[in-house]
Amino acid sequence: MPLVSMRQLLDEAAKGGYGVGAFNVNDMEQIQAIMGAAKETNSPVVIQASRGARAFAQDRYLFHLILAAAELNPEIPIAMHQDHGNSFETCKSAIELGYTSVMMDGSLKEDGKTPATFEENVAVTKKVVDFAHERGVTVEGEIGVLGGVEDGHGAGGTGLEHITDPDQAVEFAELTGVDALAIAIGTSHGAYKFTKKPDGSVLKMDVLIAIHKRLPNTHLVMHGSSSVPKDLQDVINEYGGKLKETWGVPVEEIQLGIRNGVRKINVDTDNRLAMTGAIRKVLWTQPEKFDPRDYMKPAREAMQKVVALRMKQFGQAGHAGDYKPIAITEIAKGYKDGSLVTKPLVAAR
Ligand SMILES: [Zn+2]
């Protein structure tokens, strides 16, 4: 299957009432792990690359690896997404390369660290929306600021400093015409999200529900949504690792989100933990090994297992064959003639 528009993928998820995992990639093994899981569970999927990933792997390597994934798995809808674009230029370069979706994270200034004003966020996001929609490419925006730092991107903090204001979310969606909206509800990037199992004082599911009530047709996105399961932490620490005890976002909270408009769930840390644990185990228990395949194969398998589990938990499993891909050029026409609505439906308070 050719790469599909993320808008189509999320519209279908909304129709089906499920969420779609968006998994970060930096290399071939991670892409293979995701595709193995998608095939195993018959799931549509979002494969995403951060700026850090694009720099690490080099653009064209990563792009062609993802194209290979699409070629080898014609039955799986795949959207290729730029995660946390920091500027118009970053998003433009991804679109010109062939990404079918971009995130313009205008919640931060171009340095990827300093919170931007609402007006700055609207201006840069709108500019990306105009450029992207003309080419049939999907745009995710962000309102509110997430906690933590990942790949050098992030404002730091606990994630409670800049919780999304529902009124501002409505205004932002109306002014920019984004297809999907990332909101800040207390989640953070990275492994160290919460110092205990999160409750309502640190994970603001009530804010998410309030935003969904106001914007019932806008696809909401949960960032920093790894669950950081204890068993994955344990494998790392059992074989010489030194992770401090930490908690992620419980799967039940993500499922509550999915019942309330969340269509895209970003997961990276869980996969990193799974791979690192598997590699540590091989190197620790079989120190005579030196062929990278001896540890990369179990690493790939460990990641596939986590991804497949999330695909089942998010509900995307079984939905790969529900629809035919719409060509990106047709999607572009849809934005132009208004058949693909970009102004959100806003419900009365
Ligand atoms: Zn993120």
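Residues numbered from 1 in each chain as written. Predicted model: local features only at pLDDT ≥ 70, side-chain atom pairs only at ≥ 80, totals over all residues. Heavy atoms only, no water.

Trainee: Run through the overall build of the protein chain, naming residues and quoting values.
Mentor: From N to C terminus, the protein chain includes 13 helices and eight strands. Here the C-alpha atoms of the protein chain give a radius of gyration of 19 Å, agreeing with the 20 Å that 2.2 N^0.38 yields for 349 residues. Counting the 349 residues in the protein chain, one finds 56% classified as buried. A fraction of 78% describes how many contacts in the protein chain between residues 6 or more apart in sequence connect residues 24 or more apart. Accessible surface computed for the protein chain: about 14,400 Å², of which carbon and sulfur atoms make up 55%. (Helix = DSSP H or I, 4+ residues; strand = E, 2+ residues; numbered from the N terminus. Rg over C-alpha atoms; globule rule 2.2 N^0.38 Å. Buried < 20%, exposed > 50% of the residue type's maximum accessible area, 1.4 Å probe, protein only. Contact = heavy atoms within 4.5 Å. Areas by Shrake-Rupley, 256 points an atom, 1.4 Å probe, with all protein chains shown as cover.)

Trainee: Summarise the side chain of Thr90; cite the residues concerned and give the values.
Mentor: Secondary-structure assignment places Thr90 in helix α5 (residues 88-97). Here Thr90 is in contact with Arg51, Arg54, Gln82 and Gly85, once residues within four sequence places are set aside.

Trainee: How would you explain the coordination of the zinc ion if you had to name every residue and give the values?
Mentor: With distances of 2.0 to 2.1 Å, the protein atoms coordinating the zinc ion are His84 (NE2), His189 (NE2) and His223 (ND1). We note that the donor set of the zinc ion lies within a single chain, spaced as H-x104-H-x33-H. On the criterion of sequence distance, the pair formed by His189 in the loop between β6 (180-183) and α8 (205-214) and His223 in the loop between β7 (219-222) and α9 (230-238) is long-range, its members being 34 residues apart. With respect to burial, His189 and His223 carry one shared label: buried. (Donors = N, O, S within 2.8 Å, 3.2 Å for Na, K, Ca; no water.)

Trainee: Tell me about the packing of helix α6 (residues 118-134) against helix α7 (residues 166-176), residues and numbers included.
Mentor: Two elements in contact, α6 and α7, have axes whose closest approach is 9 Å; the angle formed by their N-to-C orientations is 35 degrees. Along this stretch, α6 crosses α7, giving a crossing that reads as right-handed. Contacts between α6 and α7 involve Phe118, Asn121, Val122, Thr125, Lys126 and Val129 from the first element and Gln168, Glu171, Phe172, Leu175 and Thr176 from the second. (Axes fitted to C-alpha atoms, helices over the stretch in contact; angles between N-to-C directions. Left-handed = near helix turned anticlockwise from the far one by under 90°.)

Trainee: Describe the sheet that holds strand β3 (residues 78-85), with residues and values.
Mentor: Spatially, the eight strands close up into a barrel ordered β1-β2-β3-β4-β5-β6-β7-β8, and their pairing is parallel. On average, each strand axis in the sheet is tilted by 25 degrees relative to the strand beside it, whichever way the strands run. Sheet analysis places strand β1 (residues 20-24) next to strand β2 (residues 45-49), joined by three bridges and oriented parallel. Its bridge partner lying in β2, Ala22 is registered against Val46. (Pairing = 2+ DSSP bridges.)

Trainee: Residue-level account of unusual backbone geometry, with values.
Mentor: Even without glycine at this site, His84 takes up a positive phi of about 50 degrees. Unusually for a residue other than glycine, Val228 sits at a positive phi of about 45 degrees. Topologically, Val228 is positioned in the loop between β7 and α9.

Trainee: Describe the pairing of β1, listing the residues and the values that go with them.
Mentor: Burial of β1 is extensive: five of the five residues sit out of reach of the surface. Side chains Val20, Ala22 and Asn24 of β1 all project onto a buried face; the interleaved residues Gly21 and Phe23 project onto the opposite face, where all are buried too. In this structure, β1 lies alongside strand β8 (residues 262-267), joined through four bridges in parallel fashion. Note that in β8 the partner of Ala22 across the bridge is Asn266. Crossover connection from β1 via helix α2 (residues 28-41) to parallel β2: handedness right-handed. (Right-handed = clockwise from strand over helix to strand, strands pointing away.)

Trainee: Break down the packing of α7 against α8 for me, citing the residues and quoting the values.
Mentor: Axis separation between α7 and α8 bottoms out at 9 Å; the angle between their running directions is 40 degrees. Judged by the angle between their axes, α7 and α8 are oblique. For α7 against α8, the interelement crossing comes out right-handed. Contacts from Pro166, Asp167, Ala169 and Val170 of α7 reach α8 at Val207, Ala210, Ile211 and Arg214. (Parallel < 35°, antiparallel > 145°, perpendicular 65-115°, else oblique.)

Trainee: Could you give me a rundown of the pattern of salt bridges, with the residues and numbers involved?
Mentor: Evaluation of the coordinates by the stated rule reveals 18 salt bridges. A salt bridge links Asp234 to Lys230, with the nearest nitrogen and oxygen atoms 3.1 Å apart. With a gap of four residues between them, Asp234 and Lys230 both fall in helix α9, about one helical turn apart. Take Asp234: its relative accessible area is 34%, and that puts it in the partly exposed class. Using a relative accessible area of 52% as the deciding quantity, one classes Lys230 as exposed. Several salt bridges converge on common partners, so that one network encompasses Arg7, Asp11 and Asp179. (Salt bridge = Lys/Arg side-chain N within 4 Å of Asp/Glu carboxyl O.)

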